[in-house]
Protein chains: 2
Amino acid sequence: MYKNSEFVSKLRNSGLRPTKQRLKICEVLFNRDKTFHFTINDLAKNISENFNEKISLATIYNTVHAFKDKGYLKEITISSDKSYFDTNITKHHHFYDEDTNLLIDCNDNEIGKVNIKNNITGKKISSVEVLVRVASDTQNQN
Amino acid sequence: MYKNSEFVSKLRNSGLRPTKQRLKICEVLFNRDKTFHFTINDLAKNISENFNEKISLATIYNTVHAFKDKGYLKEITISSDKSYFDTNITKHHHFYDEDTNLLIDCNDNEIGKVNIKNNITGKKISSVEVLVRVASDTQNQN
DNA sequence: AATTTATATTATAATCGTTCTAAACTGTTG
DNA sequence: CAACAGTTTAGAACGATTATAATATAAATT
Ligand SMILES: [Mn+2]
Ligand SMILES: [Mn+2]
Ligand SMILES: [Zn+2]
Ligand SMILES: [Zn+2]
């Protein structure tokens, strides 16, 4: 459990004013035991259903993107119409369950280190991401 | 170099009528020495600039999606606003050059086999994709 | 070959997630 | 407090994609 003052500092330290809306979003995203994945729509719904304060959609977009730019969120794109944000900002890979549309974090005992033998000349690797799509066994069984 | 009749068979065999538009798109996509990556926009531009026949945008969308559904194209999503199609339908991974916005195929002497030690129980792996983002040494370091 | 039926193409409208706008509001600084 | 920069907001605008429904074409049937 974080204290509100921690979020205030976090925001101030990154040049973002600790507004009521940003603090509420911090609380929803970061005041948890476990990291999680969400879409903009999930977040907007979560806030409007569970809190009396209403935050405009534009602010939700702005804030999520600001948090992403500051490195507090990662974005994971699954397909052209499905983009998730991740509160787990460590380097890690994902399973994507095509049946449930859920993203699941991998850790190192699930996917070994990716061995990049040759990189493009003159370029630096900025990220390495593995996405393993999975689906129910029973689809191709009979 | 493929013959037109090969595309006719290919289309017929997959239950798609070999229309003039689909054959033109086959020619543009598959009558090449090397596979390549393209966006819908690239393809539409290519056709309108290099050929006198005009194919409506709706048909280009329909055809590309039909070809994807039939397994003649793969879709690779880079970010929420960048989706590419790939005429290379073999299993392979990609470098994405953030400076030039170009996708580059990897082969096995660039990225080793991804070691998936544990899969989700009761699920079958439908694909494994690695995306290595690269950028010029002097910028964009994460 | 003509007719019938199913499928495909097209221009254009509709959709919808996201971004923009510009006015009102709030946090910060002195 | 005053002054200012940064933020929020509702609603408009945007743009990529999809839906529509009339027309055209391909295939199947007679
Ligand atoms: Mn698509
Ligand atoms: Mn985004
Ligand atoms: Zn994650
Ligand atoms: Zn490729």
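Right above here is the structure, for reference.
Since the model is a prediction, treat every value here as computed from it, not as a measurement. Residue positions within a chain follow its written sequence, with the count starting from 1. By the order in which they are written, chains take letters starting at A while ligands take numbers starting at 1. Thresholds applied to this predicted model are a pLDDT of at least 70 for local features of residues and 80 or more for the giving and counting of side-chain atom pairs; totals over whole chains, interfaces and linings are not thresholded and use all residues. Remark: hydrogens and water are excluded; side-chain values derive from all non-hydrogen atoms of the structure.

The subject of this paragraph is helix α1 (residues 4-13) of chain B. Residue and element names in this part refer to chain B. Taken together, the buried positions of α1 are F7, V8 and L11. The arc that holds every buried residue of α1, seen down its axis, measures 105 degrees, which confines them to one face. Just past α1, the residue G15 takes up positive phi, approximately 80 degrees. Each residue gets one of three labels from its accessible area relative to the maximum for its type: buried under 20%, exposed over 50%, partly exposed in between, using a 1.4 Å probe on protein chains only. Helix numbering and strand numbering both begin at the N terminus, where a helix is a DSSP run of H or I of at least 4 residues and a strand a DSSP run of E of at least 2. The arc refers to the directions leading from the helix axis to the C-beta atoms.

Here we take up the protein's contact with DNA strand C. For this purpose, a residue is taken to be near a molecule or strand whenever a single non-hydrogen atom of the residue falls within 4 Å of it. For DNA strand C, the set of nearby residues contains 16 residues, the closest of which are R12 and Y61 of chain A together with T19, Q21 and R22 of chain B. Each atom of DNA strand C within 4 Å of the protein belongs either to a base or to sugar and phosphate, the latter forming 75%. Between DNA strand C and the protein, one listed contact pairs a phosphate oxygen with a side-chain N or O atom of R22 of chain B at 2.8 Å. Under this definition, polar contacts are N or O atom pairs within 3.5 Å; protein pairs additionally need one hydrogen-donor-capable and one acceptor-capable atom, and for neighbouring residues in sequence, both atoms have to be side-chain atoms. Backbone polar atom of S56 of chain B to a phosphate oxygen of DNA strand C: 3.0 Å apart, as the coordinates give it.

To continue, consider the sheet that holds strand β2 (residues 74-79) of chain B. What links the strands of a sheet is backbone hydrogen bonding, and the strands pair in either a parallel or an antiparallel sense. Residue and element names in this part refer to chain B. A sheet is described by the order of its strands in space; here three strands give the open sequence β1-β3-β2, paired in antiparallel fashion. The open sheet has two free edges, formed respectively by β1 (37-38) and β2, since each of these has just one partner strand. Between any two strands, pairing holds if DSSP finds at least two bridges. Taken together, the five bridges between β2 and strand β3 (residues 82-86) define a ladder with antiparallel strand orientation. When the bridges of β3 are listed, E75 appears paired with F85.

For the rest of this paragraph, the subject is the packing of helix α3 (residues 40-50) of chain B against helix α4 (residues 57-69) of chain B. Residue and element names in this part refer to chain B. Lines fitted to C-alpha atoms define the axes, with helix axes restricted to the stretch in contact, and inter-axis angles between N-to-C directions lie between 0 and 180 degrees. Where α3 meets α4, the closest approach of the two axes is 10 Å, and the angle between their N-to-C directions is 125 degrees. Comparing the axis directions of α3 and α4 gives the class oblique. Note that α3 runs across α4; the crossing there is right-handed. Listed contacts from α4 to I40, L43, A44 and I47 of α3 are L57, I60, Y61 and V64. Polar here means any residue other than Ala, Val, Leu, Ile, Met, Phe, Trp, Tyr, Cys and Pro, which are nonpolar, and Asp, Glu, Lys and Arg, which are charged; Gly is therefore polar. Residue classes in the contact of α3 with α4 are distributed as eight nonpolar, no polar and no charged. Here is the rule for angles: anything less than 35 degrees is roughly parallel, anything more than 145 is roughly antiparallel, 65 through 115 is roughly perpendicular, and the remaining ranges are oblique. Whether a crossing is left-handed or right-handed is set by the direction in which the near helix is turned from the far one by less than a right angle, anticlockwise for left-handed and clockwise for right-handed. Note on contacts: a residue pair qualifies if any of its non-hydrogen atoms lie within 4.5 Å across the two residues.

Here the focus is the relation of the copies chain A and chain B. When the copies are superposed, the least-squares fit draws on C-alpha atoms of residues that have pLDDT of at least 70 in both. For the pair chain A and chain B, the relating rotation is 180 degrees, the translation along its axis is 0.0 Å, and the fit reaches an RMSD of 0.1 Å. As the rotation angle and translation indicate, the two copies are arranged about a two-fold axis. Of every C-alpha in chain A, the one belonging to V130 of chain A sits nearest the axis of rotation, 2.2 Å from it. Of the interface residues in chain A, 100% have counterparts in chain B that sit at the interface too, so the contact is made through matching surfaces.

The next thing to look at is the protein's contact with DNA strand D. Taken together, 16 residues lie near DNA strand D, and T19, Q21, R22 and T59 of chain A together with Y61 of chain B sit nearest. The share of sugar and phosphate among atoms of DNA strand D within 4 Å of the protein is 82%. R17 of chain A places a side-chain nitrogen or oxygen 3.2 Å from a base nitrogen of DNA strand D. Contact distances for DNA strand D include 2.7 Å between a sugar or linking oxygen and a side-chain N or O atom of Q21 of chain A. For the surface near DNA strand D, the secondary-structure elements that each account for two or more residues are α2 (20-30) and α4 (57-69) of chain A together with α4 of chain B. Considering every element that reaches the surface near DNA strand D, the biggest residue donor is α4 of chain B, with three residues.

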